[in-house]
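# Understanding the architecture of this molecule
Chain by chain, the residues:
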Amino acid sequence: MVEHAELAHLRRCVELAAEALRVGDEPFGSVLVGADGTVLAEDHNRVASGDRTRHPEFELARWSAARLSPEERSAATVYTSGEHCPMCAAAHAWVGLGRIVYVASSEQLTTWLGEWGVPAPPVRALPVQEVAPGVVVEGPVPELTEEVRALHRRFHSA
Ligand SMILES: [Zn+2]
């Protein structure tokens, strides 16, 4: 399952999500890691700009398509605070990126938002594997799930 070094990458995703929240954006953060464990790129949500497609996983897919070879992409891992939405799962698969490790699942997030009375988003939350069946996906990671839940709670109670 998720090793110690991988937890560090996931912790960084949670930090990036907290950073997004600090600048008034939705708390999502992601890190792209190469086959040798090197962090290649990272980003957080930027939808507060008004462009609702500015998810970090989408940015990392585009970043990798512009800078990495197909081999490097397929050997890379995307760590993320929340499971890819269908848009980002599709982008991830189209550019041929490798494994995904997420802290909280889309199902968990959907449940939390429902509990808090947040209106449903315009795109259905599907598991990554329903969109991109060839991608290896791991999560949720219980060690960090509560932190991610707390960030979303703060965003939606603001
Ligand atoms: Zn997305």
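Everything numeric in this text was worked out from a predicted model, so none of it was measured.

### A closer look at the sheet that holds strand β3 (residues 77–82)
Hydrogen bonds between backbone groups are what pair the strands of a sheet, and the pairing can be parallel or antiparallel. Strand order in the open sheet formed by five strands is β2-β1-β3-β4-β5, and the pairing between neighbours is mixed. In this open sheet, the two edge strands, each paired with only one partner strand, are β2 (39–44) and β5 (137–138). Alignment of β3 against strand β4 (residues 100–104), held across four bridges, turns out to be parallel. Considered in β4, the bridge of V78 is made with I100. Helix α7 (residues 142–157) rests against β3 and β4 of the sheet, and its axis sits at about 60° to β4.

### Observations concerning helix α2 (residues 56–67)
End to end, α2 covers 16 Å across 12 residues, agreeing with the expected 16 Å (1.5 Å per residue, within 8%). Turning to α2, its buried residues are P56, E57, F58, E59, L60, A61 and S64. For α2, the elements touching its buried residues are β1 (29–33), β2, α3 (70–75), β3 and α4 (86–94).

Definitions and limits used
Residues numbered from 1 in each chain as written. Predicted model: local features only at pLDDT ≥ 70, side-chain atom pairs only at ≥ 80, totals over all residues. Pairing = 2+ DSSP bridges. Helix = DSSP H or I, 4+ residues; strand = E, 2+ residues; numbered from the N terminus. Contact = placed C-beta atoms within 7 Å. Axes fitted to C-alpha atoms, helices over the stretch in contact; angles between N-to-C directions. Expected span 1.5 Å × (residues − 1). Buried ≥ 20, exposed ≤ 12 C-beta atoms within 10 Å, placed from the backbone.

Everything listed is a geometric property; what it means functionally is a separate question.
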